[in-house]
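One letter stands for each residue in the lines below.
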Amino acid sequence: MATGEAEINRCPPGGREGVERLAAIVGRSPLPLDAASGAEGPRRLAVIDEAWCIGCTLCLDACPTDAILGRSKRMHTVIEAHCTGCERCIPVCPVDCIALVPSDSGERTGWGAWSQVQANEALGRYRLHRARAITMPTAIDEEPAPEYVSAPPLAPNPPQTPPSEDSAADRRKAAIAAALARARERRG
């Protein structure tokens, strides 16, 4: 495998047939489904326990099809029709308020649990998500700064250094820690 190429065997919702289809598209030999990514099974959908959601927005960035709707510091919800059951939202949730429930696919697994229309819609939503992720950086609690009309400064401002990535990460960690504390307080 060339450097920078991702494995194509990490999609439990697509199952064995999904891996084979991807391999054919990119001209590679199919690999067995990566067990570390999950197991092929009936299609499941994410559900958020809205009473426990703290609005951290981590699941919004993790969802590859934008199936989660919400905003910072507000509860989130899942749009079932857009959820692929990929499970990417679960490990990023700091309060474990996301669970997977069976979909209407019955016992059909992998590619058999999908219609071609559903697969095409998921692919389209994924492509839109990727395009937006490239053009719009996101970070927790960052909203556009308000534009103020003010008089020019009286004295020149000293040069400012941009915030480091470490300080942004520290702010995110502090925001999550505060949200966890509020959630624990509500539970207790």
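Above this text is the structure in question.
1. Here's the deal with the layout of surface pockets
And then number 1: As a volume, the largest pocket reaches approximately 1300 Å³.
And then number 2: Together, 37 residues line the largest pocket, and Cys 11, Leu 22, Arg 88, Leu 123 and Tyr 126 are the ones closest to its centre.
And then number 3: When contributions to the lining of the largest pocket are tallied by element, the ones reaching two or more residues are helix H1 (15-26), helix H2 (58-62) and helix H4 (116-135).
And then number 4: Among the elements that take part in the lining of the largest pocket, H4 stands out by supplying 10 residues, more than any other.

2. Focus: a positive patch on the surface
And then number 1: Side chains of Arg 182, Arg 184, Arg 186 and Arg 187 sit close together on the surface and give a patch of like positive charge.
And then number 2: Mapped onto the elements of the fold, Arg 184 is located in helix H5 (residues 165-187).

3. Some details on H4
And then number 1: Spanning 20 residues, H4 covers 29 Å between terminal C-alpha atoms, matching the ideal 28 Å at 1.5 Å per step.
And then number 2: Buried residues of H4: Ala 119, Ala 122 and His 129, and no others. All buried residues of H4 project into a common sector of 90° when viewed along the axis, lining one side. In H4, those exposed residues whose orientation departs by more than 90 degrees from the buried face are Val 117, Arg 127, Leu 128, Ile 134 and Thr 135.
And then number 3: Looking at the buried positions of H4, the neighbouring elements they touch are H2.

4. Considering the nonpolar core
And then number 1: One finds Ala 46, Ile 48, Ile 68, Val 95, Cys 97 and Ile 98 to be the most contacted residues of the largest nonpolar core, which totals 23 residues.
And then number 2: Contributions of two or more residues to this core are made by strand S1 (44-48), H2, strand S4 (98-102) and H5.
And then number 3: With four residues, the top contributor of residues to this core is H5.
And then number 4: When residues no more than four places from it in sequence are discounted, the contact partners of Ile 98 are Ala 46, Val 47, Ile 48, Cys 59, Cys 89, Ile 90 and Cys 93.

5. Quick notes on the side chain of His 76
And then number 1: Checked against the element boundaries, His 76 lands in the loop between strand S2 (68-69) and strand S3 (77-78).
And then number 2: Here His 76 falls in the buried class, since its relative accessible area comes to 1%.
And then number 3: Of the polar contacts made by the side chain of His 76, one reaches the backbone oxygen of Arg 74; its length is 3.3 Å.
And then number 4: What His 76 contacts, discounting residues up to four positions off in sequence, is Ile 48, Glu 50, Cys 53, Gly 55, Cys 56, Thr 57, Cys 59, Leu 60, Ile 68, Leu 69, Gly 70 and Arg 71.

6. Concerning the state of the cysteines
And then number 1: Scanning the entire structure with this criterion turns up zero disulfides.
And then number 2: In this structure Cys 11 is not part of a disulfide, and its nearest cysteine sulfur, from Cys 86, lies 8.0 Å away.
And then number 3: The thiol of Cys 53 is unpaired, and the distance to the nearest cysteine sulfur, on Cys 97, comes to 4.7 Å.
And then number 4: Residue classification places Cys 53 among the buried residues on the basis of a relative accessible area of 10%.

7. Looking at the environment of Leu 58
And then number 1: In this structure, Leu 58 sits in helix H2.
And then number 2: A relative accessible area of 23% places Leu 58 in the partly exposed class.
And then number 3: With 33 residues separating them in the primary sequence, Leu 58 and Pro 91 have C-alpha atoms 9.7 Å apart.
And then number 4: Those residues within four positions of Leu 58 in sequence are excluded, and the remaining contacts are Val 92, Pro 94 and Ile 176.

8. Let's talk about H1
And then number 1: If you check H1, its first and last C-alpha atoms are 17 Å apart, about what 12 residues at 1.5 Å a residue would give, namely 16 Å.
And then number 2: Every buried residue of H1 is listed here: Gly 15, Gly 18, Val 19 and Ala 23. Viewed along the axis of H1, the buried residues span an arc of 135°, placing them on a single side of the element. In H1, the exposed positions that point more than 90 degrees away from the buried face belong to Arg 16 and Ala 24.
And then number 3: Downstream of H1 by one or two residues, Gly 27 has phi in the positive range, about 70°.

9. A few points about the pattern of salt bridges
And then number 1: Under the counting rule described, the total for this entry stands at five salt bridges.
And then number 2: Arg 21 is paired through a salt bridge with Glu 17; the nearest N and O atoms lie 3.1 Å apart. You can see Arg 21 and its partner Glu 17 sitting in helix H1, four residues apart, about one turn around the helix.
And then number 3: For Glu 17, a relative accessible area of 31% puts it in the partly exposed group.
And then number 4: The salt bridge partner of Glu 87 is Arg 44, with a shortest N-O separation of 2.7 Å. With Glu 87 in the loop between S3 and helix H3 (89-92) and Arg 44 in strand S1, the pair connects residues that are 43 residues apart, well separated along the chain.
And then number 5: We classify Arg 44 as partly exposed; its relative accessible area is 37%.

What counts, and where the lines are drawn
Sequence order as written defines the numbering, with residues in each chain counted from 1. In view of the model being predicted, local features appear only for residues whose pLDDT reaches at least 70, and side-chain atom pairs are presented and counted only at 80 or more, with totals across whole chains, interfaces and linings using the full set of residues. Only heavy atoms go into the side-chain values, all of them from the structure, while hydrogens and water stay out. Points on a 1 Å grid, built from protein atoms alone, make a cavity when a 1.4 Å probe fits but cannot get out and make a pocket when they are open with protein on both sides within 12 Å along at least 5 of 7 lines; residues with an atom within 4 Å of a point are the lining residues. Grid points are joined across faces, edges and corners, and a volume is the space filled by probe spheres set on the points. For helices the rule is a DSSP run of H or I covering at least 4 residues; for strands it is a run of E covering at least 2, with both sets numbered from the N terminus onward. Two distance rules govern patches: like charges are joined within 9 Å, and nonpolar side chains (Val, Leu, Ile, Met, Phe, Trp, Tyr) within 5 Å, applied only to residues with over 30% relative accessible area and no salt bridge. Using the Shrake-Rupley algorithm and a 1.4 Å probe, accessible areas are obtained, with residue cover drawn only from the displayed protein chains. Whenever Lys or Arg places a side-chain nitrogen within 4 Å of a carboxyl oxygen from Asp or Glu, that contact is recorded as a salt bridge. The charge count treats Lys and Arg as positive and Asp and Glu as negative. His and the chain ends do not count. For charged residues, the charge sits on one atom: NZ in Lys, CZ in Arg, CG in Asp, CD in Glu. One less than the residue count of a helix, multiplied by 1.5 Å, gives the span that helix is expected to have. Accessible area is worked out with a 1.4 Å probe on protein chains only. A residue is then buried under 20% of its type maximum, exposed over 50%, and partly exposed in between. Arc definition: it is the arc formed by the directions from the helix axis to the C-beta atoms. Only heavy atoms enter the contact rule, under which two residues are in contact if any of them lie within 4.5 Å. By nonpolar core we mean a set of buried residues, namely Ala, Val, Leu, Ile, Met, Phe, Trp, Tyr and Cys, connected to one another through side-chain atoms within 4.5 Å. Nitrogen and oxygen atoms within 3.5 Å of one another constitute a polar contact, given that in protein one can donate a hydrogen and the other can accept it, and given that sequence-neighbouring residues count only through two side-chain atoms. Two cysteine sulfur atoms form a disulfide, by the criterion used here, when they sit within 2.5 Å.

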